[in-house]
Number of protein chains: 2
Amino acid sequence: MSDAKIRLYVEHPLAHGQAVPLNADQAHYLFSVMRLATGDAVLLFNGRDGEWRATVQQSGKRGGLLSCSDQTKPLHLPPDLWLVFAPIKKARTDFIVEKAAELGASRIIPVQTRHTNSDRIRQDRLQAHATEAAEQCGGTYVPEVADLQPLDRLLGQWPADRRILWCDETLTSARSALATSPPAPWAILIGPEGGFSADEQKRLRAMPQVTPVSLGPRILRADTAAVAALTLWQSTLGDWR
Amino acid sequence: MSDAKIRLYVEHPLAHGQAVPLNADQAHYLFSVMRLATGDAVLLFNGRDGEWRATVQQSGKRGGLLSCSDQTKPLHLPPDLWLVFAPIKKARTDFIVEKAAELGASRIIPVQTRHTNSDRIRQDRLQAHATEAAEQCGGTYVPEVADLQPLDRLLGQWPADRRILWCDETLTSARSALATSPPAPWAILIGPEGGFSADEQKRLRAMPQVTPVSLGPRILRADTAAVAALTLWQSTLGDWR
């Protein structure tokens, strides 16, 4: 039995001796792409039961069966951090979702703002990116990618206790703002390329949950800003400490 | 005269009344792509004289002439921070260079390690990416992209006073390691996908300049690690404070 290198997200429950059936996509990946055979090991996680070692019992073109042996990692849930962003060009949107999963966001929410070009996203494709990033980075959790929604609606029903780190171009550095913040549920808010409209800015400034911060003297692209803000939050209030 | 939105890096000196000739690429970009005409304004920077407003005096298919009027931004040099990384797949290498320029690295050094696949890079293409990122992010400086060189050789002649932030998977968080570090010239070192070899690790551990740090509980891709480490350094010791 080879050492398990491949990590696979599955929906099935995982436990000692548990049989895990594979769908056609998973079977194709494991048996045709990665060339696994009966007796080979893989690592499984489902976002609830941690990471488990499993071995191939049956392999086929359109399905297969794995059997769980032992738990290799406990469940590690990310901190309660949302990433709210306005989708940009396809490659950069994919990138933001991948990075958010890698850096440990718990929920990813694409929003339409006044200056957002896209009026639709491929939610299923973005969710698949998040899953692949979780498989790759050794995480045991896949953040949910929400469907595209208007920023106005999201802010209209915003929870009173969830803080918003608004990556504005103010003079307060993100690091010092976070250093004096209490632990709480948070969301990072990244604007579209054209920035937020005057109305949106006014609304955000009026919300008591909002902390506007700066990310340095240069103007960061939306994808860079997302990674930088996730990093600063995780290293100050999150699970990098 | 329209409000200047376009930023262009030029090599020519910039000063009040200075005439700045354009080469064929720059003329193509300004006059064919961006459709500027005589009298229109652009912003210029050259990495030495800050940012200047200039107006189009002559436009042509293969060249043109601008005239500098007033300085719009003083020169802002980035802190003395190098990014040393092992090139990965093309798109992710491009991305690392773009992000390093945006986040304010002063020098970008691609290195060959034992587990690096690429034995060559297109230095000119990467340098063009760095220039474009500087134009886009409002910076007044373009970091130099060095040619690919063996890590062994680079470490062999490493300056005694330049610290190395080695993004290893140790238990020391990058944030706390940086918080107790004195200001100094630094370099961030990001390994290849397969990690550093045992020999390379041994050598790095033996260097007094090296500070090994962790970037959280998940395993970051090289491009994510580069952005995260640059962010933490800039927010702790750099120009984001």
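Residues numbered from 1 in each chain as written. Chains lettered and ligands numbered in written order. Predicted model: local features only at pLDDT ≥ 70, side-chain atom pairs only at ≥ 80, totals over all residues. Heavy atoms only, no water.

Caption draft 1: Fine view of the overall build of chain A. Assigned secondary structure in chain A consists of seven helices and twelve strands. Dimensions of chain A, computed from the C-alpha atoms along their principal axes, are close to 60 × 35 × 30 Å. Within chain A, the fraction of its 241 residues that count as buried is 58%. Across chain A, every contact between residues at least 6 apart in sequence was considered, and the portion connecting residues at least 24 apart equals 72%. (Helix = DSSP H or I, 4+ residues; strand = E, 2+ residues; numbered from the N terminus. Buried < 20%, exposed > 50% of the residue type's maximum accessible area, 1.4 Å probe, protein only. Contact = heavy atoms within 4.5 Å.)

Caption draft 2: View of the packing of aromatic side chains. Residues and elements named next belong to chain A. Under the definition given, this model contains seven aromatic pairs over all chains. A ring pair is formed by Tyr9 and Phe45, whose centres lie 5.6 Å apart and whose planes are at 65 degrees; its orientation type is edge-to-face. Taken as a pair, Tyr9 in strand S1 (residues 7-9) and Phe45 in strand S3 (residues 41-45) lie far apart in primary sequence, 36 residues in all. For the pair Trp166 and Phe196, a centre-to-centre distance of 6.0 Å together with 75 degrees between the ring planes defines the contact as edge-to-face. Pair noted here: Trp166 is in strand S10 (residues 163-167) and Phe196 is in the loop between strand S11 (186-190) and helix H6 (198-206), with a separation of 30 residues, a long-range link. Pair check on accessibility: Trp166 and Phe196 agree, each one buried. Above the ring of Trp82, the side-chain terminus of Arg107 is found at 5.1 Å from the ring centroid. (Phe/Tyr/Trp six-rings, centres within 6.5 Å; stacked < 30°, edge-to-face > 60°. Lys NZ or Arg CZ within 6 Å of the ring centre and 35° of its normal.)

Caption draft 3: Highlighting the environment of B:Pro192. Residues and elements named next belong to chain B. With respect to the secondary-structure elements, Pro192 resides in the loop between strand S11 (186-190) and helix H6 (198-206). For Pro192, a relative accessible area of 8% puts it in the buried group. A sequence separation of 104 residues divides Pro192 from Ile88, and the C-alpha atoms of the two residues are 7.0 Å apart. Discounting residues that sit within four places of it in the chain, Pro192 has contacts with Ala86, Thr113, His115 and Thr116.

Caption draft 4: Broad picture of the UniProt feature "domain: Ribosomal RNA small subunit methyltransferase E PUA-like" (unreviewed entry) in chain A. UniProt's feature table lists "domain: Ribosomal RNA small subunit methyltransferase E PUA-like" (unreviewed entry) at residues 22-62 of chain A, given in the numbering used throughout. In this annotation, residues 22-62 of chain A is assigned 24% helix and 37% strand; the end-to-end C-alpha distance for the span is 8 Å. (UniProt positions renumbered as here; feature names shortened; annotations may be inferred.)

Caption draft 5: Inspection of the environment of B:Asp49 at higher detail. Residue and element names in this part refer to chain B. Positionally, Asp49 belongs in the loop between strand S3 (41-45) and strand S4 (51-59). On the basis of relative accessibility, which here comes to 25%, the residue Asp49 falls in the partly exposed class. Residues Asp49 and Gly191 lie 142 residues apart in sequence; the distance between their C-alpha atoms is 35 Å. Not counting residues up to four positions away in its chain, the partners in contact with Asp49 are Pro13, Leu14 and Gln71. A polar atom in the side chain of Asp49 sits 3.0 Å from the backbone nitrogen of Leu14. At a separation of 2.8 Å, a polar atom in the side chain of Asp49 contacts the side chain of Asn46. (Polar contact = N/O pair within 3.5 Å; in protein donor to acceptor, adjacent residues only side chain to side chain.)

Caption draft 6: Structural context of the sheet that holds S1(A). Residue and element names in this part refer to chain A. Pairing in this open sheet of five strands is mixed, and the strands run S1-S3-S4-S5-S2 from one edge to the other. Of all strands in the sheet, those bounded by a partner on one side alone are S1 and strand S2 (19-22). Each neighbouring strand pair of the sheet contributes to a mean axis angle of 40 degrees, computed without reference to strand direction. Lying over the sheet, helix H1 (residues 24-33) contacts S1, S2, S3, strand S4 (51-59) and strand S5 (64-73), oriented at roughly 95 degrees with respect to S2. Along the sheet face, helix H3 (residues 123-137) touches S1 and S3 and points at about 145 degrees away from the line of S1. (Pairing = 2+ DSSP bridges. Axes fitted to C-alpha atoms, helices over the stretch in contact; angles between N-to-C directions.)

Caption draft 7: Quick look at unusual backbone geometry. One non-glycine residue, A:Arg35, lies in positive phi territory at about 60 degrees. Here A:Arg35 is to be found in the loop between H1 and S3.

Caption draft 8: Highlighting the interface of chain B and chain A. Contact with chain B, which involves 33 residues of that partner, is made by 33 residues of chain A. Here chain B and chain A share an interface that buries about 3,000 Å² over both sides, 55% of which is from carbon and sulfur atoms. There are ten salt bridges connecting chain B and chain A. One salt bridge connects A:Asp239 with B:Arg218, and the closest N-O pair in it is separated by 2.9 Å. In this structure, the connection of chain B to chain A is made through 20 residue pairs in polar contact (both at pLDDT 80 or more). Those elements that place two or more of their residues in the side of chain B that touches chain A are helix H2 (90-103), helix H3 (123-137), helix H5 (174-179) and helix H7 (222-236) of chain B. Top contributing element to the side of chain B that touches chain A by residue count: H7(B), with nine residues. (Buried area = accessible area lost by both parts, 1.4 Å probe. Salt bridge = Lys/Arg side-chain N within 4 Å of Asp/Glu carboxyl O.)

Caption draft 9: Representation of the pairing of S3(A). Residues and elements named next belong to chain A. Counting buried residues along S3, five of its five residues qualify, which places the element largely inside the surrounding structure. Covered by surrounding structure in S3 are Ala41, Leu43 and Phe45 together with Val42 and Leu44, the residues of both alternating faces. As defined by bridge partners, S1 adjoins S3 across three bridges and the pair is classed as parallel. Counted as the bridge partner of Arg7 is Leu43 from S3. Here S3 pairs with S4 via five bridges, running antiparallel. What sits directly across from Phe45, in S4, is Glu51. Here S3 folds back onto S4 in antiparallel fashion, the turn holding five residues, of which Gly47 has a positive phi close to 85 degrees.

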